[in-house]
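Residues per chain are reported as follows:
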Amino acid sequence: MKTVVVTGGGGFIGSHLIEALLEKGEAVICLDNLFTGVKKNISRFLANPRFEFIRHDIVVPILLEAEEIYHLACPASPVHYQNNPIKTLKTSVLGTLNMLGLAKRIQARILLASTSEVYGDPQIHPQPETYCGNVNPVGPRACYDEGKRAAETLMVGYRDYNGVNVAIARIFNTYGPRMVPNDGRVVSNFICQALRGEDLTIYGDGSQTRSFCYVSDMVDGLIRLMESTESGPVNLGNPTEFTIEELARTVLRMIPESNTGLVYGPLPVDDPTQRRPDIALAKRLLDWQPTVPLEQGLEPTIAYFREELGEDQ
Ligand code: NAD
Ligand code: UDP
Ligand code: UDP
């Protein structure tokens, strides 16, 4: 049995990751300040003697003992990370610095949940890991994009200068149960709007693209990367690309009782026009590729939101 730290374990991807790690028989310490994470994601594990929760802000140093650190703590949706851009940047930079200092002291392998946002509004399509990106350092997404870029730089710095065993995963848009209804992300917005009988809000003309990965595939990729000896960066995401309008029409088709339509609003500043991962590296190094197609992953996601919204009423 290994002891594994999961920062951000109260959040969407982190709670699915903890579930998989506990199922594998590992002991898990979850660090989370509950900024965007929810207690329900943690309380489901509290009866397990191999699980421990510490309410902690990773901007502050901490002493722990463990063999592995999955470092996911960071607000992830534009609405959440733009809420306090300085705090977002501190979380990525100071938080990652602290987790690297911890990894160095206890000689743990550390995996950073980085993001496709390091590619900004990409001018190369699909995006391979060798592409250096097109990021606006002073735009509204900068606190997140530049924060993650600096976090990646810290990771390779600690690897090359301090011999820390690091891995960088560049995660592309991921969805599934346990997203929060008010995170403003496109999958949660569209499903909640359809379930409430509201029109689906398309920003811009809906021709921008994203590639959506179901959360179980993402967790499998993260664990494979941790269990490898690779340091990456490695793209993890589903390479099947959809326009936002196609996603909206799929959601409407899958929630036929919604009886609603589409409304169009302004496109947010610096919103990437296209995004699709090149996953050749993950296939080769980790023997990994997503297995859950969009409609198959949307089914349990819609069922989850149906229950969540029902509980609110
Ligand atoms: P999430 O918001 O559900 O989870 C993030 C968690 O981090 C939350 O529980 C939050 O409370 C916690 N957190 C934030 N700041 C913290 C701090 N200073 N100290 C301690 N805990 C803190 O987001 P998610 O979708 O689960 O994303 C997890 C990670 O994956 C993030 O690092 C995100 O950048 C990355 N990522 C996610 C996606 C995606 O599509 N979901 C895409 C790319 C990258
Ligand atoms: N750190 C931590 N836990 C540890 C070891 C270090 O939180 O177990 C923090 C430490 O307080 C510092 C950061 O990680 O803020 C970087 O640590 P490192 O030892 O690399 O740098 P230094 O402390 O020498 O600046
Ligand atoms: N989007 C949209 N309507 C919404 C929410 C988002 O059209 O209600 C668009 C958004 O402008 C972007 C895409 O959907 O082009 C994905 O947005 P999200 O916030 O989910 O993720 P990110 O932009 O970080 O990939």
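Below is a short write-up of the structure. All values derive from a computational prediction rather than experimental measurement. (Residues numbered from 1 in each chain as written. Chains lettered and ligands numbered in written order. Predicted model: local features only at pLDDT ≥ 70, side-chain atom pairs only at ≥ 80, totals over all residues. Heavy atoms only, no water.)

Digging into the overall build of the protein
Stage number 1. A count of helical and extended segments in the protein gives ten helices and 13 strands.
Stage number 2. By the compact-globule yardstick of 20 Å for 313 residues, the protein fits well, its C-alpha radius of gyration being 19 Å.
Stage number 3. A principal-axis box enclosing the C-alpha atoms of the protein has dimensions of 55 × 45 × 40 Å.
Stage number 4. The burial tally for the protein puts 55% of its 313 residues in the buried class.
Stage number 5. Here the analysis covers contacts within the protein between residues at least 6 apart in sequence; of these, 80% occur between residues at least 24 apart.
Stage number 6. When the accessible area of the protein is evaluated, it comes to approximately 13300 Å², of which 51% is carbon and sulfur surface.
Stage number 7. Where the 29 positive side-chain charges of the protein centre and where its 38 negative ones centre are 4 Å apart. (Helix = DSSP H or I, 4+ residues; strand = E, 2+ residues; numbered from the N terminus. Rg over C-alpha atoms; globule rule 2.2 N^0.38 Å. Buried < 20%, exposed > 50% of the residue type's maximum accessible area, 1.4 Å probe, protein only. Contact = heavy atoms within 4.5 Å. Areas by Shrake-Rupley, 256 points an atom, 1.4 Å probe, with all protein chains shown as cover. Lys, Arg positive; Asp, Glu negative; His and termini not counted. Charge placed at Lys NZ, Arg CZ, Asp CG, Glu CD.)

Concerning the site of ligand 1
Stage number 1. Taken together, 29 residues form the shell around ligand 1, and within it Asp 32, Thr 36, Leu 72, Tyr 144 and Lys 148 come nearest.
Stage number 2. Residue Thr 174 places a main-chain N or O atom 2.8 Å away from an oxygen atom belonging to ligand 1.
Stage number 3. The protein chains hide 97% of the 820 Å² of surface that ligand 1 would expose on its own.
Stage number 4. Breaking the shell around ligand 1 down by element, the ones donating at least two residues are α1 (12-23), β5 (109-115) and α5 (142-162).
Stage number 5. Sort the elements by how many residues they give to the shell around ligand 1 and β5 lands first, with three residues. (Near = heavy atom within 4 Å. Polar contact = N/O pair within 3.5 Å; in protein donor to acceptor, adjacent residues only side chain to side chain.)

Overview of the packing of α1 against helix α7 (residues 215-227)
Stage number 1. Orientation of α1 relative to α7, taken along the N-to-C sense of each, is 65°, at an axis distance of 10 Å. Like other packed secondary-structure pairs, α1 and α7 cross with a definite hand, here right-handed. Note on element contacts: α7 touches α1 through Val 215, Met 218, Val 219, Leu 222 and Ile 223, opposite Phe 12, Ile 13, His 16, Leu 17, Ala 20 and Leu 21.
Stage number 2. Tallied by class, residues from the contact of α1 with α7 come to ten nonpolar, one polar and no charged. (Axes fitted to C-alpha atoms, helices over the stretch in contact; angles between N-to-C directions. Left-handed = near helix turned anticlockwise from the far one by under 90°. Nonpolar A, V, L, I, M, F, W, Y, C, P; charged D, E, K, R; others polar.)

A look at the environment of Glu 117
Stage number 1. Mapped onto the elements, Glu 117 comes out in the loop between β5 and α5.
Stage number 2. In this structure Glu 117 comes out as buried when scored by relative accessible area, which is 4%.
Stage number 3. Placed 18 residues apart in sequence, Glu 117 and Val 135 show a C-alpha to C-alpha distance of 8.1 Å.
Stage number 4. Glu 117 has contacts with Tyr 81, Val 135, Arg 141, Tyr 144, Asp 145, Pro 272 and Arg 275, leaving out every residue within four places of it along the chain.
Stage number 5. Of the polar contacts made by the side chain of Glu 117, one reaches the side chain of Arg 141; its length is 2.8 Å.
Stage number 6. A distance of 2.5 Å separates polar atoms of two side chains, one belonging to Glu 117 and the other to Arg 275.

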